[in-house]
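Residues per chain are reported as follows:
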Amino acid sequence: MFFTGKIRTFVPPNEDLFDMKYLRFLIVALLAFCCAACQKYRYETVEGDPLATRIYTLDNGLKVYMSVNTETPRIQTYIAVKVGGKNDPPETTGLAHYFEHLMFKGTSQFGTTDYEAEKPLLDEIEMLFEVYRRIPEEAARRAIYRRIDSLSYEASKLSIPNEYDKLMSIIGADGTNAYTTKDMTVYIEDIPSNRIEQWARIEADRFRDPVIRGFHTELETIYEEKNMSLTNDNRKIMEAVDAALFPNPPYGRQTVLGSQESLRNPSITNVKNYHATYYVPNNMAVCLSGDFDPDRMIEVIDRYFGDMEPGAEVPELWLTHYSPSLTHPEDYLKDVRKIFQNTVAARDGRTVELNFDEE
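Keep in mind the model is a prediction, meaning the values are calculated, not measured. (Residues numbered from 1 in each chain as written. Predicted model: local features only at pLDDT ≥ 70, side-chain atom pairs only at ≥ 80, totals over all residues. Heavy atoms only, no water.)

**Student:** Even after reading the chapter, I still don't get the packing of helix α3 (residues 115–132) against helix α10 (residues 268–278), so can you show me in this structure?
**Tutor:** The relative placement of two packed helices is expressed as an angle between their axes plus a distance between the axes. Relative to each other, α3 and α10 sit at 110°, their axes nearing to 8 Å. By the angle class used here, α3 and α10 are roughly perpendicular. Residues Asp123, Ile125, Glu126, Phe129 and Glu130 of α3 pack against Ile268, Thr269 and Lys272 of α10. Considering only residue class, the contact of α3 with α10 consists of three nonpolar, one polar and four charged. (Axes fitted to C-alpha atoms, helices over the stretch in contact; angles between N-to-C directions. Helix = DSSP H or I, 4+ residues; strand = E, 2+ residues; numbered from the N terminus. Parallel < 35°, antiparallel > 145°, perpendicular 65-115°, else oblique. Contact = heavy atoms within 4.5 Å. Nonpolar A, V, L, I, M, F, W, Y, C, P; charged D, E, K, R; others polar.)

Rendered as structure tokens:
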């Protein structure tokens, strides 16, 4: 029996044509991916801004401000938190300022040789401070403080002093600093352009998970700073002006350094509650200026800061303040003169004469 059907010969496709189609597919897919990536991070600009600053808002509410300047291969960084002395609890004024100091003490990941062993000591110190601040008897307070001092010594054996500063030094950072005002707390670094990843990882860790260690020794430093401020004429003037212009809390009755009474009766528990309330991404901003690629930078920021949980409700302060009568501006001038004449004096007792232009 013979096969009488037609035999079909397999002809392979044109390989060059196949390769071209495949290459086109890859290019289209890549372009689509890039477009999707670009659209993921939308930003705003301010019309007329000569620096063309980009303003991003991450999904968790974190604001990111970027201004490119390629003059030197470095980046100036500011991490700002919208909270300051005006937000201090009335019973623990000065908290915003001394928490700023404590933010340099490390986390559960750095600043310690054994956090599991250190934590029970820190927890007991926190509990003792809550007892200490509520007991008026001096003898009992001294006994509790001796116990706090003893526990702090044991905890110090497990801590690594200044490890944050050492980590920043290792990556080439410069100008490590921070400051607190009545309205904000800002943390500053100047980093090399090729150390973005390391900087972001360290900063995100300490803003997410600060550990309150070395509390009583740092508080003694703050207390000494407060004592020095009591003889600072400029500070005394400004505090008196604020008290006169803002007779209601908090601008007129709370100072950034806090009262001596508050500093004598601190609360680690209040510090932790303060951090949980205000150090949240929807109350923070990362501000960057220097030599970097904005598209890569926002991706790094999102990777390390993007999983921070936003605050459910950040408290807002509604303030009342002194409003001079516009119909009698001379009364306002008299008020200002009175404020200064009642507060300005040289250390040797001489009165400082102030001249006002009454035109």
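Text resumes after the structure shown.
**Student:** I'm lost on the pairing of strand β4 (residues 74–81) in this one. Help?
**Tutor:** Two faces, one strand: in a regular strand the side chains alternate between the faces of the sheet. Summarising the sheet, β4 and strand β6 (residues 185–192) pair through eight bridges and their orientation is antiparallel. Residue pairing across strands places Tyr78 opposite Ile188, the latter belonging to β6. The pairing of β4 with strand β7 (residues 284–290) spans seven bridges and is antiparallel. Looking at the pairing, Thr77 lines up with Leu288 of β7. (Pairing = 2+ DSSP bridges.)

**Student:** Before we go on, may I ask you to explain the layout of surface pockets in this structure?
**Tutor:** If a probe the size of a water molecule is rolled over the atoms, the empty space left behind becomes visible. One number sums up the size of the largest pocket: a volume of about 670 Å³. Around the largest pocket, the lining comprises 37 residues; the ones closest to its centre are Lys105, Val211, Ile212, Arg213 and Gly214. Of all the secondary-structure elements, those providing two or more residues to the lining of the largest pocket are α3, α4 (138–156), α5 (163–170), β5 (174–180), α7 (215–229) and α10. With seven residues, α3 is the largest single contributor of residues to the lining of the largest pocket. Counted by class, the lining of the largest pocket contains 16 nonpolar, eleven polar and ten charged residues. (1 Å grid on protein atoms, 1.4 Å probe; cavity = no way out; pocket = protein on both sides within 12 Å on 5 of 7 lines; lining within 4 Å. Points joined across faces, edges and corners; volume = space filled by probe spheres on them.)

**Student:** Explain helix α2 (residues 95–102) to me, please; I cannot follow it from the model alone.
**Tutor:** For the α-helix, the turn length of 3.6 residues means that residues three or four positions removed from each other point alike. The element α2 is largely enclosed, with a buried count of eight among its eight residues. For α2, every residue scored as buried is listed here: Leu95, Ala96, His97, Tyr98, Phe99, Glu100, His101 and Leu102. (Buried < 20%, exposed > 50% of the residue type's maximum accessible area, 1.4 Å probe, protein only.)

**Student:** I keep staring at the environment of Leu58 and nothing clicks. Help me out?
**Tutor:** With respect to the secondary-structure elements, Leu58 resides in the loop between β2 (54–57) and β3 (63–68). Through-space distance from the C-alpha of Leu58 to that of Asn282 is 9.0 Å; in sequence the pair is 224 residues apart. Once residues lying within four places of it in the same chain are set aside, the contact partners of Leu58 are Val64, Ile298, Ile301, Asp302 and Gly306.

**Student:** Whenever I open this one, the packing of aromatic side chains confuses me. Can you help?
**Tutor:** Tallying each qualifying case throughout the model produces 15 aromatic pairs. Note on Tyr43 and Tyr56: the rings are 5.3 Å apart at their centroids and 55° apart in plane angle, and the pair reads as tilted. Of this pair, Tyr43 sits in strand β1 (residues 43–44) while Tyr56 sits in strand β2, and the two are 13 residues apart along the sequence. We classify Tyr43 as partly exposed; its relative accessible area is 40%. (Phe/Tyr/Trp six-rings, centres within 6.5 Å; stacked < 30°, edge-to-face > 60°.)

**Student:** Got a minute to help me understand the sheet that holds β3 in this structure?
**Tutor:** Picture the strands of a sheet paired through backbone hydrogen bonds; they go either parallel or antiparallel. Reading across from one edge, β1-β2-β3-β7-β4-β6-β5 is the order of the seven strands in this open sheet, with mixed pairing throughout. Only two strands of the sheet have a single partner each, and these edge strands are β1 and β5. Its contacts with the sheet put α2 on β5 and β6, and the angle it makes with β5 is roughly 160°.

**Student:** What's the story with unusual backbone geometry in this structure? I'm lost.
**Tutor:** Backbone phi values are negative for most residues with the exception of glycine, while trans is the configuration of most peptide bonds. At Ala52, a residue that is not glycine, the phi angle is positive and equals roughly 50°. Turning to its location among the elements, Ala52 is positioned in the loop between β1 and β2.

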